[in-house]
Amino acid sequence: MTEEDRERKLANAEQHLKESRKSGMPGIGTGNVYQIPVELFTVPTRQIPAGWRKVWIMDPGFNDPTAVLWIAQDPETGISELYSEHYVARAETVIHTAAIKARGAWIPGLADTSSKRVSELMGEHTLLREYQQQGLDIDVVAKPEIAASSQRVSDALSTGQLKVQKHLQRWFFEYSM
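For every chain, the first residue of its written sequence is number 1, and the numbers climb from 1 along that sequence. In keeping with the model being predicted, local features are shown solely for residues with a pLDDT of at least 70 and side-chain atom pairs are shown and tallied solely at 80 or more, while totals for entire chains, interfaces and linings include all residues. Side-chain descriptors were evaluated using all non-hydrogen atoms of the structure, hydrogens and water having been removed beforehand.

Which parts of the structure should I look at to understand the side chain of Lys163?
Position of Lys163 among the secondary structure elements: in strand β7 (residues 162–165). Residues are treated as being in contact if the distance between any of their heavy atoms lies within 4.5 Å. Apart from residues lying up to four places away in sequence, Lys163 is in contact with Leu40, Phe41, Val43, Ile79, Ser80, Glu81 and Leu82. The helix count covers DSSP runs of H or I at least four residues long, the strand count covers runs of E at least two residues long, and both are numbered beginning at the N terminus.

Just to check I follow, could you spell out helix α7 (residues 169–176) for this structure?
Residues spaced three or four apart along an α-helix face the same direction, because each turn holds 3.6 residues. For every residue, the accessible area obtained with a 1.4 Å probe (protein chains only) is divided by the maximum for its type, and the residue is called buried under 20%, exposed over 50%, and partly exposed between those limits. Turning to α7, its buried residues are Trp171, Phe172 and Tyr175. Looking down the long axis of α7, one finds its buried residues gathered within 95° of arc, a one-sided arrangement. This arc describes the spread of directions from the helix axis toward the C-beta atoms.

Would you explain the pairing of strand β4 (residues 80–88) in this entry?
The two faces of the sheet receive side chains in turn, since in a regular strand these alternate between them. The buried fraction of β4 is high, at 7 of 9 residues. Following DSSP output, two strands are said to pair if at least two bridges run between them. In this structure, strand β3 (residues 66–73) lies alongside β4, joined through 8 bridges in antiparallel fashion. Residue pairing in the sheet places Ala72 in a bridge with Glu81 of β4. Here β4 runs beside β7; their pairing, made up of 3 bridges, is parallel. When the sheet's bridge partners are listed, Leu82 is paired in β7 with Val164.

Would you explain unusual backbone geometry in this entry?
Excluding glycine, residues mostly have negative phi values, and the peptide bonds linking residues are mostly trans. Here the phi dihedral of Arg90 falls at roughly 55°; this positive angle occurs in a residue that is not glycine. Assignment of secondary structure puts Arg90 in the loop between β4 and α3 (93–102).

Can you help me understand the pattern of salt bridges in this one?
Here, a salt bridge means any side-chain nitrogen of Lys or Arg that lies within 4 Å of a carboxyl oxygen of Asp or Glu. Tallying each qualifying case throughout the model produces 2 salt bridges. A salt bridge links Arg46 to Glu81, with the shortest nitrogen-to-oxygen separation between them at 2.8 Å. Here the residue Arg46 occupies a position in the loop between β1 (42–43) and β2 (53–59), and Glu81 occupies one in strand β4, the gap between them amounting to 35 residues. Taking the relative accessible area as the measure of exposure, Arg46 reaches 40% and is therefore partly exposed. Judged by its relative accessible area of 5%, Glu81 is buried.

Explanation requested: the sheet that holds β4 in the structure shown.
Adjacent strands of a sheet form backbone hydrogen bonds with each other and so pair up, either parallel or antiparallel. The 7 strands are arranged β1-β7-β4-β3-β2-β5-β6 in an open sheet whose pairing can be described as mixed. Because the sheet does not close on itself, it has two edges, and the strands there are β1 and β6 (138–140).

For this particular structure, what's the right way to read the packing of aromatic side chains?
Two numbers describe a pair of aromatic rings. These are the distance of the centres and the angle of the planes. Each pair of aromatic rings taken from Phe, Tyr and Trp, with Trp reduced to its six-membered ring, is defined by centres within 6.5 Å and is described as stacked if the planes are under 30 degrees apart, edge-to-face if over 60, and tilted in the remaining cases. All chains considered together, the criterion is met by 5 aromatic pairs. Relative to Phe172, the ring of Phe41 has its centre 6.4 Å away and its plane inclined at 5°; by these criteria the two rings are stacked. Residue Phe41 is found in the loop between α2 (18–23) and β1, and its partner Phe172 is found in helix α7; the two are separated by 131 residues along the sequence. Clustering of aromatic rings is evident, with ring pairs tying together Phe41, Trp171, Phe172 and Tyr175. In this analysis the charged atom, NZ for Lys or CZ for Arg, is taken to sit over a ring once it is within 6 Å of the ring centre and within 35 degrees of the ring normal. The lysine or arginine in question, Arg103, covers the ring of Trp70, its NZ or CZ lying 4.2 Å from the ring centre.

Explanation requested: the nonpolar core in the structure shown.
Generally speaking, nonpolar side chains in soluble globular proteins are found buried as a group. Core analysis: the biggest nonpolar cluster contains 16 residues, and Trp56, Met58, Trp70, Ile100 and Ile138 have the highest contact counts within it. Taken together, the elements giving at least two residues each to this core come down to β2, β3 and α5 (124–133). In this view, Met58 contacts Thr66, Ala67, Val68, Ile100, Leu110, Ala111, Asp112 and Tyr131; residues no more than four positions away in its chain are not counted. Counting residues in each nonpolar core, the second largest holds 13 residues, with Ile36, Trp171, Phe172 and Tyr175 among its members. Here, nonpolar core refers to any group of buried Ala, Val, Leu, Ile, Met, Phe, Trp, Tyr and Cys residues whose side-chain atoms link them within 4.5 Å.

I tried to follow α3 on my own but got confused; where do I start?
Every buried residue belonging to α3 is among Thr93, His96, Thr97, Ala99 and Ile100, and all of these are buried. Projected onto a plane normal to the axis of α3, the buried residues spread over an arc of 160° and lie on a single side. Remark: Gly104 follows α3 within two positions and exhibits a positive phi of approximately 135°.

Structure representation (structure tokens):
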């Protein structure tokens with residue numbers, strides 16, 4: 001294949017496939033929900049400015065890791081930014097609570113307790129109550145809201161309304177699967 005052929009094929013490739021076509025390495029896994037190139041939403045690591053609204057979001061697990069993401073929103077532009085993560089398997093709730101409080105005990109959180117594994121292990125209300133008793137401001141995300149949030153995340157990533165700091169290794173790993 002000539003260099004001209006390669007350039008033409010690359011120019012005609014879908015945006016999310018261009019990097020893998022250049023490097024020969026797969027860029028998106030078969031189960032990937034989002035097909036937006038990471039360079040469109042990756043930003044340098046930085047401190048979140050004072051005055052930005054913050055919240056954390058938890059996907060609880062035990063054998064599977066408990067994942068927590070912190071997100072902040074710029075009050076002037078409305079652009080949100082993922083800025084911290086916690087990803088630990090086989091740990092008690094006190095471990096996750098300590099990690100959450102270390103980033104700001106005053107920050108409110110939401111938990112997705114709809115997964116079958118969490119319901120079988122503890123039940124959503126027991127788990128929620130346990131975190132609340134440990135001093136977290138936490139609420140449960142309604143089940144219908146979870147499916148709708150995937151589309152909102154995709155829209156926000158592709159329109160520049162959601163940015164992700166480049167040091168969030170676990171998030172980028174999960175994104176690429």
